[in-house]
Amino acid sequence: MKHLLTLTDLTKNEISNILEVATQMRRIVNTNYKKGPQLIGHVVAGVWSKPCVSSTAFQLATAYLSGTACPVFGAEDILSQCRTFDSMGVNTLVISCDNGNLAKSFADTSRAGVVNGGSSQYDPIGVLADLMALNSKLDGLQNLNVLAVGNRDVNKINELNHCLQLFGSNMIWYLPADDFVTTRKGIVIDRAEAAFSGADAVVDLGLATFSDPEKYYGTSGGIAESLMDKARINCPLLGSRYIVDKVGIKEYQHNIVNTRESCYVAVAMAVLYLLQRD
């Protein structure tokens, strides 16, 4: 694997391999001694608009594997900054920007391995972290019905749909009928009760600016408990810690936000290791 730009280019075996390596890497994340030798002498540079989950995870992943991290935030000319890093000999470059084609076009000519750290079209590391967290809670990724709710982080939809299909599972997306702006992809249901019914897991994508939360979540404060009750017993929730009952907002007992965050670092570690190995 020379680059990781989108999961839609990968096979089931390739995705399974990343998740298997990430499972081993997560042992380092969860131990007190966080030092592996896999990236000794390896420099990981990254370009982000501002500090975020992606930038934090890659800095930690590099440190945990004894590499050197070199993050840059808010570069005025992202492509120029990437070319500078490549000319200066970095081993791996993580690129996060809205332009989903920039990482791909740069990877065509770069000497360094390139990782898409998140764009308007794709979020491969984030989706792999979602899959790894679900796998740890559901004992596998086969024969699942995963429900996506919200209209903000829609860059996950194509990759989630692709990966779940590879494992014989389905991704369903709930969007209100009067959402005329969000481009519908995959299996979309516009009735909340039907969408939540029997779901094995729920992924909260968040809401775009000016969206009415009651239309997407059933309440103004987040996903309604009455909707979550229609899903399977102990249904995992990604993307949010909270639901809303008749009294108010409360932490959902089966949210897996913390699990997903540790998986995010483990996936970043696995990807960096596999890139330098190949």
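Up top is the structure these notes are about.
Residues numbered from 1 in each chain as written. Predicted model: local features only at pLDDT ≥ 70, side-chain atom pairs only at ≥ 80, totals over all residues. Heavy atoms only, no water.

> Explain the overall build of the protein chain here, please?
In terms of helices and strands, the protein chain carries 10 helices and 11 strands. Expected size for 278 residues packed as a compact globule is a radius of gyration near 19 Å; at 19 Å, the protein chain falls within 12% of this value. With the C-alpha coordinates aligned to their principal axes, the bounding extent of the protein chain is approximately 55 × 40 × 35 Å. Per-residue burial over the protein chain gives 53% buried out of 278 residues. Taking contacts inside the protein chain between residues at least 6 apart in sequence as the whole, the part at least 24 apart equals 67%. The protein chain carries 24 positive and 27 negative side-chain charges, and their two centres are separated by 5 Å. (Helix = DSSP H or I, 4+ residues; strand = E, 2+ residues; numbered from the N terminus. Rg over C-alpha atoms; globule rule 2.2 N^0.38 Å. Buried < 20%, exposed > 50% of the residue type's maximum accessible area, 1.4 Å probe, protein only. Contact = heavy atoms within 4.5 Å. Lys, Arg positive; Asp, Glu negative; His and termini not counted. Charge placed at Lys NZ, Arg CZ, Asp CG, Glu CD.)

> Explain the sheet that holds strand 2 (residues 68-73) here, please?
Across the sheet, 4 strands lie side by side as 2-1-3-4; this open sheet has parallel pairing. Strand pairing shows two members of the sheet lacking a second neighbour, strand 2 and strand 4 (113-118), which therefore form its edges. The sheet shows a mean angle of 20° between the axes of neighbouring strands, direction not considered. The pairing of strand 1 (residues 43-48) with strand 3 (residues 92-96) spans 4 bridges and is classified as parallel. (Pairing = 2+ DSSP bridges. Axes fitted to C-alpha atoms, helices over the stretch in contact; angles between N-to-C directions.)

> How should the packing of aromatic side chains be read in this particular structure?
Given two aromatic rings, one states the distance between the centres and the angle between the planes to describe the pair. Scanning the model with the defined rule gives 1 aromatic pair in all. Its guanidinium or amino end placed over the ring of Tyr64, Lys34 lies 5.8 Å from that ring's centre, counting from NZ or CZ. (Phe/Tyr/Trp six-rings, centres within 6.5 Å; stacked < 30°, edge-to-face > 60°. Lys NZ or Arg CZ within 6 Å of the ring centre and 35° of its normal.)

> Looking at this structure, how should I read helix 3 (residues 78-87)?
Every buried residue belonging to helix 3 is among Cys82, Phe85 and Asp86, and all of these are buried. Summarising the axial view, the buried residues of helix 3 lie within an arc of 100°, below the 170-degree limit, and thus occupy one face. For helix 3, the elements touching its buried residues are strand 1, strand 2, strand 3 and helix 4 (100-107). Capping the start of helix 3 is the job of one residue whose side-chain oxygen sits 3.3 Å from the backbone nitrogen of Leu79: Asp77. Phi for Gly89, located one or two positions after helix 3, is positive at around 90°. (Arc of directions from axis to C-beta. Polar contact = N/O pair within 3.5 Å; in protein donor to acceptor, adjacent residues only side chain to side chain.)

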